[in-house]
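Residue-level listing of the chains:
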Amino acid sequence: MITSSITRLTLSAAAAACLAPSSLHAQEQVIPRPAEISIEKEGKALILDPQTEIVVSEDLATSGTNGKQTEPGKEAAYAISYLRQGTGLKLPASVNGLNIQAALKKSEATYAFRDRIIFSVDKRLLQQHGPEAYALQTSFVKINPDKEQFILNVKIASPKAIIPAIQTIAQMLPPAFFDPKADKAKTEWKLADAPFTVTDYPRYAWRSFMLDEARYFYGVDAVKKIIDQMALLKMNVLHWHLSDDGGWRIEIKKYPKLTSIGSKRRDTEIEKWGSGKYSGKPHEGYYTQDQIRDIVAYAAERGITIIPEIDVPGHSAALCASYPELKLTLKQPSEVPATFTQNIALDPTNEKVYEVLSDILDEIITLFPSPIIHLGGDEVRHKDCWQGEPAIEAFMKKKGLKSLNDVQTYFTNRMSQILSRKGRRMMGWNEILGHDIHGDGGGTTTGTLAPNTVINYWYGKREPVIEAAKKGHDIVNSEWQYTYMTKFSKPDLRKSYSFDPALPGLTPEQQKRVLGMACHTWTEWIPDTDELYRQMYPRIIALAETAWTAKERKNYDDFLKRVRNYTRILDAMDVKFDHSKIK
Ligand code: ACM
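Residues numbered from 1 in each chain as written. Predicted model: local features only at pLDDT ≥ 70, side-chain atom pairs only at ≥ 80, totals over all residues. Heavy atoms only, no water.

1. Digging into the pattern of salt bridges
Applying the stated rule across the entire model yields 35 salt bridges. The closest approach of N and O atoms between Asp440 and Arg381, which form a salt bridge, is 2.8 Å. With Asp440 in the loop between strand 21 (425-429) and strand 22 (454-457) and Arg381 in the loop between strand 20 (372-374) and helix 11 (382-385), this residue pair connects regions lying 59 residues apart in the sequence. For Asp440, a relative accessible area of 14% translates into the label buried. Connected via shared salt-bridge partners are Arg33, Glu545, Asp558 and Arg562. (Salt bridge = Lys/Arg side-chain N within 4 Å of Asp/Glu carboxyl O. Helix = DSSP H or I, 4+ residues; strand = E, 2+ residues; numbered from the N terminus. Buried < 20%, exposed > 50% of the residue type's maximum accessible area, 1.4 Å probe, protein only.)

2. As for the side chain of Thr546
Tracing the backbone through its elements, the reader meets Thr546 in helix 19 (residues 539-548). There is a polar contact of 2.9 Å between the side chain of Thr546 and the side chain of Lys554. Apart from residues lying up to four places away in sequence, Thr546 is in contact with Arg203, Tyr204, Ser496, Tyr497, Phe499, Pro501, Met517 and Lys554. (Polar contact = N/O pair within 3.5 Å; in protein donor to acceptor, adjacent residues only side chain to side chain. Contact = heavy atoms within 4.5 Å.)

3. Description of the side chain of Asp115
Inspection of the secondary structure puts Asp115 in the loop between helix 3 (100-106) and strand 8 (116-121). For Asp115, which is buried and forms no salt bridge, the nearest opposite charge comes from Lys44, at a distance of 7.2 Å. At 2.8 Å, the side chain of Asp115 forms a polar contact with the backbone nitrogen of Phe150. Leave out the neighbours within four places in its chain, and Asp115 touches Ile47, Asp49, Gln51, Thr52, Glu53, Glu148, Gln149 and Phe150. (Lys, Arg positive; Asp, Glu negative; His and termini not counted.)

4. Focus: the confidence of the model for the protein
Looking at the protein as a whole, the pLDDT averages 92, with 93% of positions reaching at least 70. Here residues 1-21 scores under 50 on pLDDT; set against residues more than four positions off or in separate chains, the count is 42 contacts. (pLDDT = per-residue confidence, 0-100.)

5. Focus: the pairing of strand 12 (residues 196-200)
Across the five residues that make up strand 12, a large majority, four, are buried. Bridging between strand 9 (residues 134-144) and strand 12 involves four bridges; their strand directions are antiparallel. Opposite Tyr134, over in strand 12, you have Asp200 as the bridge partner. (Pairing = 2+ DSSP bridges.)

6. A look at the UniProt feature "active site" (unreviewed entry) in the protein
As annotated in UniProt, the feature "active site" (unreviewed entry) corresponds to Glu379 in the numbering used here. Along the chain, Glu379 falls in the loop between strand 20 and helix 11. Residues within four places of Glu379 in sequence aside, it is in contact with His315, Glu431, His438 and Trp458. Among the polar contacts listed, one links the side chain of Glu379 to the side chain of His315, at a separation of 2.7 Å. (UniProt positions renumbered as here; feature names shortened; annotations may be inferred.)

7. Let's talk about the environment of Thr446
Within the secondary structure, Thr446 is located in the loop between strand 21 and strand 22. Along the backbone, Thr446 and Glu40 are 406 residues apart, and their C-alpha atoms lie at a distance of 61 Å.

8. Here we look at the packing of helix 10 (residues 351-367) against helix 13 (residues 404-421)
Running from N to C, helix 10 and helix 13 point in directions that differ by 35°, and their axes come no closer than 10 Å. Helix 13 is crossed by helix 10, and the crossing has right-handed handedness. Each of Glu351, Val353, Tyr354, Leu357, Ser358 and Leu361 in helix 10 lies in contact with helix 13, whose residues at this interface are Tyr410, Phe411, Arg414, Met415, Ile418 and Leu419. Looking at side-chain class alone, the contact of helix 10 with helix 13 contains nine nonpolar, one polar and two charged residues. (Axes fitted to C-alpha atoms, helices over the stretch in contact; angles between N-to-C directions. Left-handed = near helix turned anticlockwise from the far one by under 90°. Nonpolar A, V, L, I, M, F, W, Y, C, P; charged D, E, K, R; others polar.)

9. A look at the packing of helix 6 (residues 220-232) against helix 18 (residues 529-536)
It is at 12 Å that the axes of helix 6 and helix 18 come closest, and there the two elements cross at 25°. Considered as vectors, helix 6 and helix 18 are oriented roughly parallel to each other. Seen from above, helix 6 lies across helix 18 with right-handed handedness. Of the residues in helix 18, those in contact with Ala222, Lys225, Ile226 and Gln229 of helix 6 are Thr529, Leu532, Tyr533 and Met536. Looking at side-chain class alone, the contact of helix 6 with helix 18 contains five nonpolar, two polar and one charged residues. (Parallel < 35°, antiparallel > 145°, perpendicular 65-115°, else oblique.)

10. Section: helix 6
Taking 1.5 Å per residue, 13 residues should reach 18 Å; helix 6 reaches 19 Å between its end C-alpha atoms and fits that length. The buried fraction of helix 6 amounts to ten of the 13 residues, a majority that puts the element mostly inside the structure. Of the residues making up helix 6, those classed as buried are Val220, Ala222, Val223, Lys224, Ile226, Ile227, Gln229, Met230, Ala231 and Leu232. Count one or two residues on from helix 6 and you reach Lys234, which has phi positive near 65°. (Expected span 1.5 Å × (residues − 1).)

11. Re unusual backbone geometry
The omega torsion of the bond from Ile31 to Pro32 falls at -5°, within 30 degrees of zero and hence cis. Note that Pro32 resides in the loop between helix 1 (13-17) and strand 2 (36-40). Despite not being glycine, Lys327 has its phi angle at roughly 45°, a positive value. Examined against the element boundaries, Lys327 turns out to sit in the loop between helix 9 (317-322) and helix 10. Even without being a glycine, Asp574 presents a positive backbone phi close to 60°. Mapping Asp574 onto the fold places it in the segment after helix 20 (556-572).

12. Details of the pairing of strand 19 (residues 305-309)
Buried residues dominate strand 19, accounting for four of its five residues. Sheet topology note: the strand 14 (residues 237-241)/strand 19 ladder contains five bridges and is parallel. Note that in strand 19 the partner of Leu238 across the bridge is Ile306.

13. Considering the environment of Ser275
Mapped onto the secondary structure, Ser275 falls in the loop between strand 17 (264-265) and strand 18 (283-284). Ser275 sits 44 residues away from Leu319 along the chain, and the two C-alpha atoms are 25 Å apart. Ignoring sequence-local partners within four residues, the contact set of Ser275 consists of Glu269 and Ile270.

14. So, the packing of aromatic side chains
All chains considered together, the criterion is met by 27 aromatic pairs. Taking 4.6 Å as the distance between ring centres and 50° as the angle between the ring planes, the aromatic pair formed by Phe217 and Tyr287 counts as tilted. Taken together, the residues span a long stretch of sequence, with Phe217 in the loop between strand 13 (206-212) and helix 6 and Tyr287 in the loop between strand 18 and helix 8 (289-301) at a distance of 70 residues. Here Phe217 matches Tyr287 in class, with each residue buried. Three or more aromatic residues joined by ring pairs form one cluster here, namely Trp429, Trp458, Tyr459, Trp480, Tyr484 and Trp522. We note Lys554 situated over the ring of Tyr497; from NZ or CZ to the ring centre the distance is 4.6 Å. (Phe/Tyr/Trp six-rings, centres within 6.5 Å; stacked < 30°, edge-to-face > 60°. Lys NZ or Arg CZ within 6 Å of the ring centre and 35° of its normal.)

This is the structure in structure tokens:
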């Protein structure tokens, strides 16, 4: 028998805001804020113990040797190991029939008394709310007059939704879940005070965090830890900035000098641009292809796609320093520069440039399965790099190009074609739209950007980006005033939280071109992950909620309470930052 006579209390933002943080129910502490939460006023608590059984429905299982669906599929298997690892509980797991409730009822006699977490697919969620939708629903079953067992039904729209579902569950459990050093055996794994329902789904399908490791290299363990933090915040795209003036960070077998030269610099300017102060220490590092494969798989298991960025034609001093004989650039650095202000761009008139980049991309696409590859395109500094160069002038004449931004559009479209032929799409910063947004002498393009190019909007007026959306370009919105998490970027927590990635003046159909949003760290002055966390937090929490939670469900006061609670999780994960920024 399912107990059902309890009045439901659906919490409004206002009601939730009246509660002190400690009195918030576990469900109300979740970040990003779920779409719907309903908590029964009273009832038994749900506490996981070593015998709590995880049941996976057949439609989430894979075939065993007997042809039957006997093993949890990869998403469900990850959920089981995640819950076991976090709680330290045994949590026996099994696969059961599609009509799981009926199957359980039938086999009740043969089961010992057990609480259960049941993962199953609910197609209605898919129809109503898309592939990442999930619902958590609890009920109690009376075994005999003295005993009840709980069932936590985890319903998912598709296997993809298992990750957000288990992150919500994890956040509802005690923070010891996230602390590898905690005494898990002594922890009471209380999930909730009373029966509840959570129904949840994202506002945007693209929820990205960008990590710049070109300026400073942090290494495999650091990236995995960041991936864990992203997954917990339901972020699903890691935009990995792997090349810039300050370093090249990925092994390319055909071009070994990219790492033997391009991943090293003799010294580093510190504190700020033009400070004249240097660390006095060399800096180096790159990822081998095996390490990249390992990180890509680690991210995929956590529902995160990695989009690599190779930044061209500007920001390419490390590439140019590695292969001067290829005459990749009109201005040639002799080594990876120690300062972060470099005006070096590739030579778009040189066929060898396209050949080398195509070869590099051949290796990149074998490592990263993402359908989209980011090729930068920002801050080419046309005046300094291309203006007045005889090769550029001759090229413009030959091709009938009117402005330096026409030249850049030519370059972008060549790169976009190269990627298309390899079965991938190009993404670039919004400079590739060909407006002189930095006053760099590029003029305005008269060319037409290849239609399937994705625009990463960070800077300048919205109008050209809105026009691009109207023409059918997909957009990822990361307007810097809200989304940059760097030492010198201004947004405080409230400002970051106020970000609305929707672009004005678009029809509902055109608005769908806004795939989602991104937030960025740029690491010029961030030599280690402790400093990185100080820049990321707490802003990333606000931006993750902005990407996931419907606009009308956002509420800053309610958010502040949840962030304060979230710091207990960050403490458990040993992520340190300045708590005074939570205001
Ligand atoms: C950028 O901040 N240069 C994209």
